[in-house]
Amino acid sequence: EVTPEQVQQQIECCKELCSALEKEHAKLQMAKEAVEQRTQDLRKEEELLHKNIKQQMSLNRDEDRSCQMGIVLAKDEMNRLRQEKQVLKKELEEVKKRVLWEDPVMMLPALPEKKMVFKGLVTNKDNMNKLMLTPLIRYPLLGGSALITFEKAEVAQRIIEAKEHVVELSYGEDLEELDRCRVRVQAAPVDILLPSALEIGLTRSSRSILVSDLPSLAIPKEALLDKLELFFSKTKNGGGEVESREFLDDSGQVVLTFVEDGVAEPLIARGHIQVLIGKGRYELKISPCVSGDITNLQFQPSRCPRTVLLSGIPDVLGEEPMRDALEIHFQKASRGGGEVDALAYVPVGQHGVAVFTEDAG
């Protein structure tokens, strides 16, 4: 049986539930009103948005017309810039080529490697791009003359100033008259021409390559050339038909010339290539083939400070006795002479060539 207390508890629970439902209903009502207000706001925004879109579409039609014109102009400008870029690329390649041959420092990586030992004199940095020439002058010497070089320049100057000298002959074979024991010779300075200015024009071959770093093999040069021609004539090796080949004895390098243009440049760009020669594979260096022609050569007269030309020497003694007699005479200080460094004598009826080199002293 249900007691009055239990009934009272159930009534209190129902009251609390009813109160909670009323609060929840109030909340829902407020939410409903907020949603309705938000809906009205959105409708207003939508109307405003539609209005703005219509205005924007009207503006866009005008902009589209101008954009289409702008796109056409932009395409024309891009085409012009592409053409200008190609022109600049070509000009850059030409400048690189000019710099490569005008500046020796830029040219070094393209040159064949060669082992060198420095034995010279340290020079000024300003002279690095100057070409140093070592003179090697060939001087024709007629019969009945001699060249005598003294150790000191002042001795040569005294001999030249005296002009004529009487040389006593110490060899008396076949000499009957006393005056034949002396000969008169004339002394004169030795003037030679030395190069003072030199210009060389360099030409790079478009169809030739220079092959260096060749191995030292016990095979004939022609056999080595055959193997190189066989390798570089194959297109799979990057080569082509070889027109000529040449072995450079002074450097041990080989020049290969192809029949067609366009074969040499890719090989030069590679720099190195492995070539099968005999049973071994060797890495060879490929360089541009450059030839030089003298475009301008200027000379200036120069006087040898220690050398004297003796002329008018009669053919009265053999070559060696006459040479000894001349050296004995001009070595005597009492005759104005001094220590003789070298003497070359050419008898009458003969011709000789004296070679002058740079004076190391």
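Quantities reported herein were computed from a predicted structural model and do not represent experimental measurements.

What counts and what doesn't
- Residues numbered from 1 in each chain as written.
- Predicted model: local features only at pLDDT ≥ 70, side-chain atom pairs only at ≥ 80, totals over all residues.
- Heavy atoms only, no water.
- Helix = DSSP H or I, 4+ residues; strand = E, 2+ residues; numbered from the N terminus.
- Buried < 20%, exposed > 50% of the residue type's maximum accessible area, 1.4 Å probe, protein only.
- Contact = heavy atoms within 4.5 Å.
- Areas by Shrake-Rupley, 256 points an atom, 1.4 Å probe, with all protein chains shown as cover.
- Pairing = 2+ DSSP bridges.
- Salt bridge = Lys/Arg side-chain N within 4 Å of Asp/Glu carboxyl O.
- Phe/Tyr/Trp six-rings, centres within 6.5 Å; stacked < 30°, edge-to-face > 60°.
- Expected span 1.5 Å × (residues − 1).
- Arc of directions from axis to C-beta.
- Core = buried A, V, L, I, M, F, W, Y, C linked by side-chain atoms within 4.5 Å.

Colleague: Describe the overall build of the chain, with residues and values.
Modeller: If you tally the helices and strands in the chain, you get six helices and 10 strands. When each of the 361 residues of the chain is scored for burial, the buried share is 24%. Contacts spanning at least 24 positions in sequence make up 73% of the contacts within the chain whose residues lie at least 6 apart. About 26300 Å² of surface is accessible on the chain, with carbon and sulfur atoms providing 54% of the total.

Colleague: Lay out the pairing of strand 7 (residues 272–277) with the relevant residues and their values.
Modeller: Burial of strand 7 is one-sided: the residues I273, V275 and I277 facing one way are buried, the residues H272, Q274 and L276 facing the other way are not. Across six bridges, strand 7 lies against strand 8 (residues 280–311) in antiparallel orientation. Paired with I277 across the strands is G280, a residue of strand 8. Linking strand 7 back to strand 8 in an antiparallel pair, the connection comprises two residues, with G278 at a positive phi of about 70 degrees.

Colleague: Can you lay out the pattern of salt bridges for me, pointing to particular residues and giving the numbers?
Modeller: Two side chains that carry opposite charge are able to pair once their charged atoms sit near each other. Here the structure, examined in full by the defined rule, presents 15 salt bridges. As a salt-bridge pair, R207 and D261 come within 3.9 Å of each other at their nearest N and O atoms. Here D261 lies in the loop between strand 6 (253–258) and helix 5 (264–270) and R207 lies in strand 4 (residues 182–212), a separation of 54 residues in the sequence. Classification of R207 by relative accessible area gives partly exposed; the value is 24%. Ionic pairing is found between R245 and D226, a salt bridge with its closest N-O pair at 2.8 Å. Here D226 lies in helix 4 (residues 221–232) and R245 lies in strand 5 (residues 242–248), a separation of 19 residues in the sequence. Within this structure, E222, D226, E229 and R245 form a network of salt bridges that share partners.

Colleague: Quick rundown of the environment of L276? Include the residues and the values.
Modeller: Residue placement: L276 occurs in strand 7. C-alpha separation for the pair L276 and K227, spaced 49 residues apart in sequence, amounts to 8.4 Å. Residues within four places of L276 in sequence aside, it is in contact with F231 and R281.

Colleague: Tell me about the packing of aromatic side chains, and please be specific about residues and values.
Modeller: Within this structure, the stated rule accounts for two aromatic pairs. Aromatic side chains Y139 and F356 sit 5.8 Å apart centroid to centroid with 85 degrees between the ring planes, which places their arrangement in the edge-to-face category. Placement of Y139 in strand 1 (residues 136–141) and of F356 in strand 10 (residues 352–357) is noted, with a sequence separation of 217 residues between them. Each member of the pair Y139 and F356 is classed as buried.

Colleague: Break down the environment of T295 for me, with residues and values.
Modeller: Among the secondary structure elements, T295 is positioned in strand 8. Remark: the alpha-carbon pair of T295 and E199, spanning 96 residues in sequence, is separated by 5.5 Å. Beyond its immediate sequence surroundings of up to four residues, T295 is in contact with E199, I200 and G201.

Colleague: Got a sec to walk through helix 4? Specific residues and values, please.
Modeller: For helix 4, with 12 residues, the first-to-last C-alpha span of 16 Å sits near the 16 Å given by 1.5 Å per residue. Taken together, the buried positions of helix 4 are occupied by L224, L225, L228, F231 and F232. Down the axis of helix 4, the sector holding all buried residues measures 130 degrees, keeping them to one side. Here the buried face of helix 4 lies against strand 4, strand 5, strand 6, helix 5, strand 7 and strand 8.

Colleague: Tell me about the environment of T357, residues and numbers included.
Modeller: Structurally, the position occupied by T357 is in strand 10. Taking the C-alpha atoms as reference points, T357 and I137, separated by 220 residues in sequence, lie 6.6 Å from one another. The residues contacting T357, other than those within four sequence positions of it, are P135 and L136.

Colleague: Tell me about the nonpolar core, residues and numbers included.
Modeller: The biggest cluster of nonpolar side chains holds 23 residues, and the ones touching the most others in it are I148, F150, V308, L310, I313, L326 and F330. Looking at this core, the elements that each hand over two or more residues are strand 2 (145–150), helix 3 (153–162), strand 4, strand 8, helix 6 (319–331) and strand 9 (340–346). The contact partners of L326, leaving out residues within four places of it in the chain, are A146, V167, I313, L343 and Y345. In terms of nonpolar packing, the next biggest core, distinct from the first, is built from 21 residues, A264, I268, I277 and L284 among them.

Colleague: Account for unusual backbone geometry, naming residues and giving values.
Modeller: A positive phi is found at K163, a non-glycine position, where the angle reads about 65 degrees. With respect to the helices and strands, the residue K163 is situated in the loop between helix 3 and strand 3 (164–168). Positive phi outside glycine occurs at D213, with the angle close to 60 degrees. Within the secondary structure layout, D213 lies in the loop between strand 4 and helix 4. Classification of D213 by relative accessible area gives partly exposed; the value is 35%.

Without other data, these values stay purely geometric and don't point to any function.
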